Amino acid sequence: MKKRILSLDILRGLTVALMIIVNNPGSWSNIFPPLRHAAWDGCTPTDLVFPFFLFCVGASMAFSLSRFERLDAKAASKIFKRGAGIFLIGLGLNAFPFFPLRPDPELSAWQNWTRWLSDIRIFGILQRIALCYIAAAVMTLWLRKEPKKIIIAMASLCAVHVASLLVFAGPEGAFTLEGCAARRLDEALFGASHLYDGYRYADGTRAAFDPEGLLGVLTGTCTALTGYLAGQILRRSDEIPLKIARLYTWAAVSLALSQILSIWIPVNKPLWSVSYVFYTSGWAMFVLAFITWMTDVKGWVRPFTPLRAFGMNPLAIYSLSTLIAIILGSIIGWNYSAVFGTNEWMSLFYALLFMLFHLGVAMILYKKNIVIKL
């Protein structure tokens, strides 16, 4: 493993560990505030996890696409095959266990299955990663990896995203759940039954709104592209302190830009707003620079071995955690409260145990030098 990407492996691993923790509390009703997503506007520590993952995907592109100089048939084939594979895994996890667990006895098996099929959620975390990876990788090679052109492309994507929200906004407002164009676009294209239904309108009724929907791919691609530019800094032949200084500088610029933009555009994860892109990317670059300083300057490598293990197989470990959570919750019907009770500390304790189990799997793969690639 090349030392220059050690910090990136650690950041990936940290992100996967945190993603497992925040996605698998013992009780969703008993969670410490920092481990909750913001209800709408705003950004909690939990809201940093997914964009960090996407940022790492972009940073990894700086290395995985290094053998391609432009967008040709071979490069396009690799990009689309990998992206399609990630998307299908995410869709498969949404569909698992591939048949209705509680069929209607008055309907035939075929009727039960088709009704179940009509309610499968199309989008999700892996699907967003897949679409943003494809868009970012194609754009990067099409622009011949030139940073200035990539920055212009990012600005264009952000402008289209904001314009879409503003032009097609409902009377309730462009950046509200009720009035956002992102919700109406997904509902028109895919139908309400195929969208996430965890959000609620002001009157308490459920809203068909997917936080990993189609419009957010535009700004999600920008998150991946900021990661790519950070990865290019790591690939440079500059001295380590200069690389760290560059990362800290761009982190400060990104955070400052997010605060300026937030005057007009709220920091909002469900919409993946432009200010949210620069806010989360700024923090991702800051953490990456700090990890690089600890590993490449201070030489603190061994303490980060568990995170390196997670970082070697991020998609595989995340997919496994999702699969096990579905088996425990939907198939077995695991009763957490009967064992752990109902309070925030025990809910966090369960999440940590769940993460440590997957760390054990990751460590086995790490010790055997097994990397599951897609």
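Draft legend 1. Representation of the overall build of the chain within the structure. Scanning the chain from terminus to terminus reveals 14 helices and two strands. With respect to the three principal axes, the spread of C-alpha positions in the chain is 70 × 50 × 45 Å. Considering the chain as a whole, with its 374 residues, one finds that 50% of them fall into the buried category. In the chain, once contacts between residues fewer than 6 apart in sequence are set aside, the share between residues at least 24 apart is 74%.

Draft legend 2. Just the layout of surface pockets, in detail. A volume near 1,100 Å³ is recorded for the second largest pocket. Considering the residues around the second largest pocket, the lining is formed by 35 residues, among which Arg12, Ser60, Arg82, Val371 and Lys373 are closest to the centre. For the lining of the second largest pocket, the secondary-structure elements that each account for two or more residues are α1 (6–23), α2 (49–64), α3 (73–95), α5 (125–142), α11 (305–312) and α12 (314–332).

Draft legend 3. Examining the pattern of salt bridges more closely. In this structure the tally under the stated criterion is nine salt bridges. The partner of Asp104 in a salt bridge is Arg115, with the nearest N and O atoms 3.9 Å apart. A residue pair is termed long-range when its members are at least 10 positions apart, and Asp104 in the loop between α3 and α4 (109–117) and Arg115 in helix α4 qualify at 11 residues. Close ionic contact of Lys269 with Glu212 constitutes a salt bridge, the shortest N to O distance being 3.6 Å. Here the residue Lys269 occupies a position in the loop between α9 (240–261) and α10 (274–297), and Glu212 occupies one in the loop between β2 (206–207) and α8 (216–235), the gap between them amounting to 57 residues. Taking relative accessible area as the criterion, Glu212 reaches 7% and is therefore assigned buried.

Draft legend 4. View of helix α6 (residues 147–167). With 21 residues, α6 should reach 30 Å at 1.5 Å per residue; the first-to-last C-alpha distance of 30 Å fits that figure. Of all the residues in α6, the buried ones are Ile150, Ala153, Met154, Leu157, Cys158, His161, Val162, Ser164 and Leu165.

Draft legend 5. Geometry of a nonpolar patch on the surface. A cluster of nonpolar residues, Phe98, Phe99, Leu101, Trp110, Trp113, Leu117, Ile331, Ile332, Trp334 and Val339, forms a patch on the protein surface that exposes about 1,000 Å² of accessible area. Only α4 and α12 provide two or more residues apiece to the nonpolar patch. At three residues, α4 tops the list of elements feeding residues into the nonpolar patch. The residue Leu101 is located in the loop between α3 and α4 in this model.

Draft legend 6. Structural detail: the side chain of Thr223. Within the fold, Thr223 resides in helix α8. Thr223 gets classed as buried once you look at its relative accessible area, which sits at 0%.

Draft legend 7. Examining the nonpolar core more closely. Of all hydrophobic cores here, the largest spans 104 residues; its most connected members are Phe53, Ile129, Phe209 and Phe310. Ranked by the residues each element gives to this core, the list is headed by α2, at 12 residues.

Draft legend 8. A look at the side chain of Thr292. The residue Thr292 is located in helix α10 in this model. Within polar-contact distance, the side chain of Thr292 engages the side chain of Ser7 at 3.0 Å. Every residue in contact with Thr292, bar those within four places of it in the chain, is listed here: Ser7, Leu234, Ile240, Ile244 and Val297.

Thresholds applied
- Residues numbered from 1 in each chain as written.
- Predicted model: local features only at pLDDT ≥ 70, side-chain atom pairs only at ≥ 80, totals over all residues.
- Heavy atoms only, no water.
- Helix = DSSP H or I, 4+ residues; strand = E, 2+ residues; numbered from the N terminus.
- Buried < 20%, exposed > 50% of the residue type's maximum accessible area, 1.4 Å probe, protein only.
- Contact = heavy atoms within 4.5 Å.
- 1 Å grid on protein atoms, 1.4 Å probe; cavity = no way out; pocket = protein on both sides within 12 Å on 5 of 7 lines; lining within 4 Å.
- Points joined across faces, edges and corners; volume = space filled by probe spheres on them.
- Salt bridge = Lys/Arg side-chain N within 4 Å of Asp/Glu carboxyl O.
- Expected span 1.5 Å × (residues − 1).
- Patch = residues over 30% accessible without salt bridge, like charges linked within 9 Å, V, L, I, M, F, W, Y side chains within 5 Å.
- Areas by Shrake-Rupley, 256 points an atom, 1.4 Å probe, with all protein chains shown as cover.
- Core = buried A, V, L, I, M, F, W, Y, C linked by side-chain atoms within 4.5 Å.
- Polar contact = N/O pair within 3.5 Å; in protein donor to acceptor, adjacent residues only side chain to side chain.

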